[in-house]
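# Survey of secondary and tertiary structure
This is what each chain is made of:
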Amino acid sequence: MTALCIENLVKTYNDDVFALRGIDLTVGEGDFFTLLGPNGAGKSTAIGVVSSLVNKTSGSVSVFGHDLDSDVVGVKSCLGLVPQEFNFNGFEPILNTVMNVAGYNGISQREARKRAEYYLKRLDLWDKRRALGRELSGGMKRRLMIARALVHEPKMLILDEPTAGVDIEIRRSMWDYLSEINSEHGTTIILTTHYLEEAEALCRNVAIIDGGQIIENGAVADLLSQAMQETFVLNLYEPLAIAPNIPPFETRIRKESNELEVDVPKGHSISDLFDVLKAQGIVVGSMRTKSNRLEEFFLRLVGQSDEAVQ
Amino acid sequence: MSGWSEAMSYWQLQWTAYLTIVRKEIRRFTRIWVQTLTPPAMNAVLYMLIFGGLIGSRIREVDGFAYMDFLVPGIIMMGIITNSYGNVVSSFFGTKLQKHIEELLVSPVSNATILAGYVTGGVARGITVGLVVSFVALFFTDLNPVYPLVTLCIAVLTSIMFSLGGLINAVYAKTFDECSIVPNFVLTPLTYLGGIFYSINMLPPLAQKLSLFNPVLYMINGFRYGILGVSDIPLWHSFAVILVFIAILGTIAMTLLNRGIGIKA
């Protein structure tokens, strides 16, 4: 079944500023989907329309078969939203915050208490249940918004940059938890993120949005296969004065002179690189990927999109 | 699922959501009772002490009642009006400002349920303040409503009307200043000139006629009729004015929520 279907969605502000220029998007049930785009691309507007926070100008949106225009209650019943900005009552104990949202979704007080306890425990917030929202740390606030979005156990969870400003440890534990609810509970997850590593690690499908238009849409694996090159950082036993010339690989010496940065074009084997380095007497101690491949692909696509606009 | 059970589950959902909003609102004003419940009691004591006791003792009877007895229904009503309005305007504006209105907007709660929930919260505070002020008034006079049902109906309907007004104000307000303009420059003059302290029969003919354009006059007189059995205007006029205003303000409030004005992009 289709979880989300967006057709020719347009959003304008003041009749002439286009936030969305007729986007089409389909997300399958159970998918882990990411919407990538630079700031101001239209990601949050698209999510805002789906979750009824933004009125659309034209086009259609349906969630699990419920049309946004004719069955908004049906659409909302299927959705949980974790917005980009903190939007809970900072002067209320967090247990109440979660229970209130359960109540807004028609869950009785007794059941709401049970569910709030489960999700607050699951997100390591139960000990803080009587703390006011504003007293929590940034990471805790993010986790509170996830607990709040899950308390009515929606079929689809939408997260707008959920790990922004969260430390690495908490980010990883949030990744694990999101993967778990996607794989074990079958919850469809739609994520927007600035951390492209996050999209590559978590998501199966991706749409890249720029200037209010979808410029690429498909499986993460397929898009990655289109990436033109990958960059590696080699840690050398002996520092080099100048970068070796080994076409077709582009090489650069990094600030730390015993580190060599190498671009490996698509279709070329990294073994060839090592053969050449060995022949030149350069010994590699260790190696790591510099940027993730999706980032490189993303930047190339957005660059092309900007050129097209100009 | 049959249409009937779908409809039932829809109404059950709305009912649960309504109770949740009402509980949240009551928790809010009772948690900060020092700010919400004690100032009206303090004001009432001062009004009754100064106007009812010190000055009122030198005033002859009004409509056949001692001035203190005449004054008390107006003081109670003033508390109901200002607190019903103030509760909804501050709560709904705070909800907008902190953006947790989005919790409601993304949930399957209908706009009618949101409106009913906030208005009930305003009525809960208005009536609670009314009871607190009534209790305080017992130290100054006897309170034995002649028509208890009329008293209750006028109090609740007036509270509904001003709660609706508070919600409309909160929808349009962008700053705290804009939340206080209407209470300070519209509500307070209308209330003070609405017959709390005097009978309009004491005014010159022109002022009497002008007073009839003040809607608060009808509420205070309706409430006074419930408690004392006297009023400057017929009771049905009071009910008619309040119900017409509820219909108008309710329609405006629903239209604003349905269009998402002030709360949606």
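Cut-off values and rules
- Numbering of residues begins from 1 in every chain and follows the order in which that chain's sequence is written.
- To read the labels, note that chains go from A and ligands from 1, taken in the order they are written.
- At least 70 in pLDDT is required for a residue's local features to be given in this predicted model, at least 80 for side-chain atom pairs to be given and counted, and no such filter applies to totals for whole chains, interfaces and linings, which use all residues.
- The way it works is that DSSP assigns letters per residue, a run of H or I at least four long becomes a helix, a run of E at least two long becomes a strand, and they are numbered from the N terminus.
- We call two residues in contact whenever the C-beta atoms placed from their backbones are within 7 Å.
- Counting other C-beta atoms within 10 Å of a residue's own tells you its class, since 20 or more makes it buried, 12 or fewer makes it exposed, and anything in between is partly exposed; those C-beta atoms are placed from the backbone.
- By the convention used here, strands pair only if DSSP detects at least 2 bridges between them.
- Take the buried Ala, Val, Leu, Ile, Met, Phe, Trp, Tyr and Cys residues, join any whose C-beta atoms are within 7 Å, and the set you get is a nonpolar core.
- Segmentation into domains, and thus their bounds, comes from an automatic or database assignment.
- Axis angles are defined between N-to-C directions and span 0 to 180 degrees, where every axis is a line fitted to C-alpha atoms and, for a helix, only to the segment in contact.
- Should an angle fall under 35 degrees it is called roughly parallel, over 145 degrees roughly antiparallel, and 65 to 115 degrees roughly perpendicular, with every other angle called oblique.
- Each helix crossing is assigned a hand: it is left-handed if the near helix lies turned anticlockwise from the far helix by less than a right angle, otherwise right-handed if that turn is clockwise.
- Basically, the charged four are Asp, Glu, Lys and Arg, the nonpolar ten are Ala, Val, Leu, Ile, Met, Phe, Trp, Tyr, Cys and Pro, and anything else, Gly included, counts as polar.

When you go through chain A residue by residue, the secondary structure sums to 10 helices and 14 strands. Oriented by its inertia axes, the alpha-carbon framework of chain A measures out at about 75 × 45 × 35 Å. Pairs at least 24 apart in sequence give 67% of the contacts found in chain A among residues at least 6 apart.

Moving on, we come to the interface of chain A and chain B. Size of an interface: often given as the accessible area lost when the parts come together. If you look at the interface, chain A gives 25 residues, while chain B gives 21 residues. For the side of chain A that touches chain B, the secondary-structure elements that each account for two or more residues are helix 2 (72-77), strand 6 (79-82) and helix 3 (94-104) of chain A. Counting residues per element, the side of chain A that touches chain B draws most heavily on helix 3 of chain A, at 4 residues.

All names here are of chain A. Judged by how many residues are buried, strand 14 (residues 284-289) sits mostly at the surface: 0 of 6 residues are covered. Bridge count between strand 11 (residues 229-236) and strand 14: 5 bridges; the pairing is antiparallel. From the neighbouring strand, Val 233 faces strand 14, where its bridge partner is Arg 288.

Let's shift gears to the nonpolar core. Of all hydrophobic cores here, the largest spans 140 residues; its most connected members are A:Val98, A:Ala147, A:Ile158, A:Ile190, B:Ile75, B:Leu167 and B:Ala170. Take this core: its biggest share by element is 15 residues, from helix 4 (residues 67-97) of chain B. When sequence neighbours within four positions are dropped, the list of residues in contact with B:Leu167 reads B:Val88, B:Phe92, B:Leu115, B:Tyr118, B:Val119 and B:Ala253. The next biggest cluster of nonpolar side chains, apart from the first, holds 5 residues, and it includes A:Leu234, A:Leu260, A:Val262 and A:Leu277.

So, about the domain arrangement of chain A. Along its sequence, chain A is organised into domain 1 (2-224) and domain 2 (228-295). Spacing between the C-alpha centres of domain 1 of chain A and domain 2 of chain A amounts to 39 Å.

Residue and element names in this part refer to chain A. Overall, mixed pairing links the 6 strands, which are arranged 6-7-8-3-9-10 in an open sheet. Strands at the two margins of the open sheet, each flanked by one partner only, are strand 6 and strand 10 (213-219). Mean inter-strand twist for the sheet, computed between neighbouring axes without regard to direction, equals 15°. Running at roughly 170° to strand 6, helix 5 (residues 138-150) makes contact with strand 6 and strand 7 (156-160) of the sheet.

Residues and elements named next belong to chain B. The contact between helix 3 (residues 38-55) and helix 4 brings their axes to 10 Å, and the two run at 155°. Looking at the two axes, helix 3 sits roughly antiparallel to helix 4. For the pair helix 3 and helix 4, the crossing hand works out as right-handed. Along its contact with helix 3, which presents Pro 40, Ala 44, Tyr 47, Met 48, Phe 51, Gly 52 and Gly 53, the element helix 4 presents Tyr 67, Met 68, Leu 71, Ile 75, Gly 79 and Asn 83. Taken together, the residues of the contact of helix 3 with helix 4 sort by class into 9 nonpolar, 4 polar and no charged.

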